[in-house]
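Given next are the chains, with one letter for each unit.
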Amino acid sequence: MTLLLTVLGAALVLLALWDIFHTLWHPRGFGFVARVLFRALWAVSRWWNRRTGRSSELAGPVGLLATAIAWAAVVVLGFALVYWPHMPGGFFYAAPPPPTADLWSALYLSLVSVTTLGFGDIVPATDPLRMLVPIQALIGFVLLTAAISWILQVYPTLVRRRSFARRLTSMARTDTLEVVRHGDVSVACALVDEVSVGVTTVEVDLMQYAESYFFRENEPTHSLAATLPFVSSLGEAAAAADAMEVRHAGAMLELAVDSLAATLAESYLDGQDDTERSLLAFQEDHQQPRVR
């Protein structure tokens, strides 16, 4: 029984660490725990929006919090399972110990250790357990650092995406398409190239920080899902321009949009088979009207 609980506890701890690594530091990672929680909260958010007619943008922030809590809970439970079979004989107690192995005491010790509080009312009595408690405290530091670094990684990504969407909104509400078709070649190329860079940046951010997809905007003017259709219109305007340079910039923009649409379809939209359908599915998934 001791061996079984130890193996199970160690497996839970390794699962949490693996999920943290794949979510935060893997180049294209999104750990299992994070993926399940974000998708579940996203589905609940969409259901709530349809049922109440109100828009909610809490799925992303709540997903961050829920995932961090889940990681901590798995680590606490894993170490508690390791401690459990050694209680009470493997520990010194400030108060009279329980007569038999006590899961609640194991959970208490595990929680105190992972939060590095170190009350000292339950102290390991054997060398292996003495080594295990500080190791758990170090993992607690990893959890805290991971949660903070996650926030620092995700929110700059959202700022870039919202800024790009706001820029597209401004272009859609002015004569940008006419400038691209018939205006000065250098100005037209600069506008199309700017959008191409923005689209590529968004795609890289979505690949690196998959959880950023699940942040919905209440304002369509700040939503990439609502403003992306304008990018297709811009590409069509560039393709119809007289200048070869503008048409070339338009072709590069089209490739960037196709690549972004493929990433969205593969990772989030159940494999839509072409760019237009992927962009429409993205817009519908975020429940956003097209910005005009």
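Numbering of residues begins from 1 in every chain and follows the order in which that chain's sequence is written. Only residues with pLDDT of 70 or above have their local features reported here, since the model is predicted, and side-chain atom pairs are shown and tallied only from 80 upward, although totals for entire chains, interfaces and linings are computed over all residues. Note that the side-chain values use all heavy atoms of the structure and ignore hydrogens as well as water.

**Q** Explain helix H1 (residues 2-24) here, please?
**A** Every α-helix carries 3.6 residues per turn, so stepping three or four residues along brings you back to the same face. Helix numbers and strand numbers start at the N terminus; a helix is a DSSP run of H or I with at least 4 residues, a strand a run of E with at least 2. A helix is expected to reach a length of 1.5 Å times the quantity of its residues less one. For H1, built from 23 residues, the straight-helix expectation of 33 Å at 1.5 Å per residue is met to within 8% by its first-to-last C-alpha distance of 33 Å. Classification of residues uses two cut-offs on accessible area relative to the type maximum, computed with a 1.4 Å probe and protein chains only: under 20% is buried, over 50% is exposed, and between them is partly exposed. Every buried residue of H1 is accounted for by Leu5, Gly9, Val13, Ala16, Asp19, Ile20, His22, Thr23 and Leu24. Buried residues in H1 make contact with helix H2 (32-52), helix H3 (59-83) and helix H5 (127-172). Throughout, a residue-residue contact means that at least one pair of heavy atoms, one from each residue, lies within 4.5 Å.

**Q** Just checking my understanding: could you explain the confidence of the model for the protein chain for this structure?
**A** Note that predicted coordinates carrying low pLDDT should not be read in detail. How sure the predictor is of each residue is captured by pLDDT, a score from 0 to 100. In this model, the protein chain carries a mean pLDDT of 88, and residues with pLDDT of at least 70 account for 95%. Ranking the elements of the protein chain by mean pLDDT puts strand S1 (residues 91-93) last with 84 and helix H7 (residues 185-208) first with 94.

**Q** For this particular structure, what's the right way to read the packing of aromatic side chains?
**A** The relative placement of two aromatic rings is captured by the distance of their centres and the angle of their planes. Only Phe, Tyr and Trp rings take part, Trp by its six-membered ring, and two of them pair if their centres are within 6.5 Å. Stacked means planes under 30 degrees apart, edge-to-face means over 60, and tilted covers everything else. Going through the model one piece at a time under the given rule, you end up with 14 aromatic pairs. On the basis of an interplanar angle of 35° and a centroid distance of 6.2 Å, the ring pair of Phe79 and Tyr83 is categorised as tilted. Taken as a pair, Phe79 and Tyr83 lie in helix H3 at a separation of four residues, close to a single helical turn. Seen from their ring centres, Tyr213 and Tyr268 are 4.1 Å apart, and the 5° between their planes marks the pair as stacked. Of this pair, Tyr213 sits in the loop between H7 and helix H8 (224-239) while Tyr268 sits in the loop between helix H9 (244-267) and helix H10 (275-285), placing them 55 residues apart in sequence.

**Q** Please explain the side chain of Thr263 as it appears in this structure.
**A** By the secondary structure assignment, Thr263 is in helix H9. Note on Thr263: relative accessible area 6%, which makes it buried. Discounting chain neighbours no more than four positions away, the residues touching Thr263 are Glu203, Met207 and Tyr268.

**Q** Whenever I open this one, the layout of surface pockets confuses me. Can you help?
**A** If a probe as big as a water molecule is rolled over the atoms, it shows which places are left empty. In this structure, the largest pocket encloses a volume near 270 Å³. Residue lining of the largest pocket: 15 residues in total, with Ser232, Gly235, Glu236, Glu254 and Val257 positioned closest to the centre. Elements with a minimum of two residues in the lining of the largest pocket: H8, H9 and H10. Among the elements that make up the lining of the largest pocket, the one with the highest residue count is H9 (seven residues). The residue makeup of the lining of the largest pocket, split by class, is six nonpolar, four polar and five charged. Lining residues are those with an atom within 4 Å of a point, where the points come from a 1 Å grid over the protein atoms alone and group into cavities, where a 1.4 Å probe fits but cannot get out, or pockets, open sets with protein on both sides within 12 Å along at least five of seven lines. Grid points are joined across faces, edges and corners, and a volume is the space filled by probe spheres set on the points. Here the term charged refers only to Asp, Glu, Lys and Arg, the term nonpolar to Ala, Val, Leu, Ile, Met, Phe, Trp, Tyr, Cys and Pro, and the term polar to all other amino acids, Gly among them.

**Q** Is there a simple way to think about a nonpolar patch on the surface in this case?
**A** A contiguous nonpolar patch, built from Leu15, Trp18, Phe32 and Val36 and spanning about 390 Å² of accessible area, is present on the exposed surface. Elements with a minimum of two residues in the nonpolar patch: H1 and H2. When you line up the elements, Trp18 lands in helix H1. Residue class for Trp18 comes out partly exposed when judged on its relative accessible area of 43%. Note on patches: the residues involved have over 30% relative accessible area and no salt bridge, like charges join within 9 Å, and the nonpolar side chains Val, Leu, Ile, Met, Phe, Trp and Tyr join within 5 Å. Reported accessibility uses the Shrake-Rupley method at a 1.4 Å probe radius. Residues are deemed covered only where the shown protein chains occlude them. A pairing counts as a salt bridge when a side-chain nitrogen of Lys or Arg comes within 4 Å of a carboxyl oxygen of Asp or Glu.

**Q** What am I meant to see in the pattern of salt bridges here?
**A** What the rule picks out here adds up to nine salt bridges. The closest approach of N and O atoms between Arg46 and Asp285, which form a salt bridge, is 3.6 Å. Linking Arg46 in helix H2 with Asp285 in helix H10, this pair joins segments that are 239 residues apart in sequence. The closest approach of N and O atoms between Arg277 and Asp274, which form a salt bridge, is 3.6 Å. Judged by its relative accessible area of 33%, Asp274 is partly exposed. Within this structure, Arg46, Glu284 and Asp285 form a network of salt bridges that share partners.

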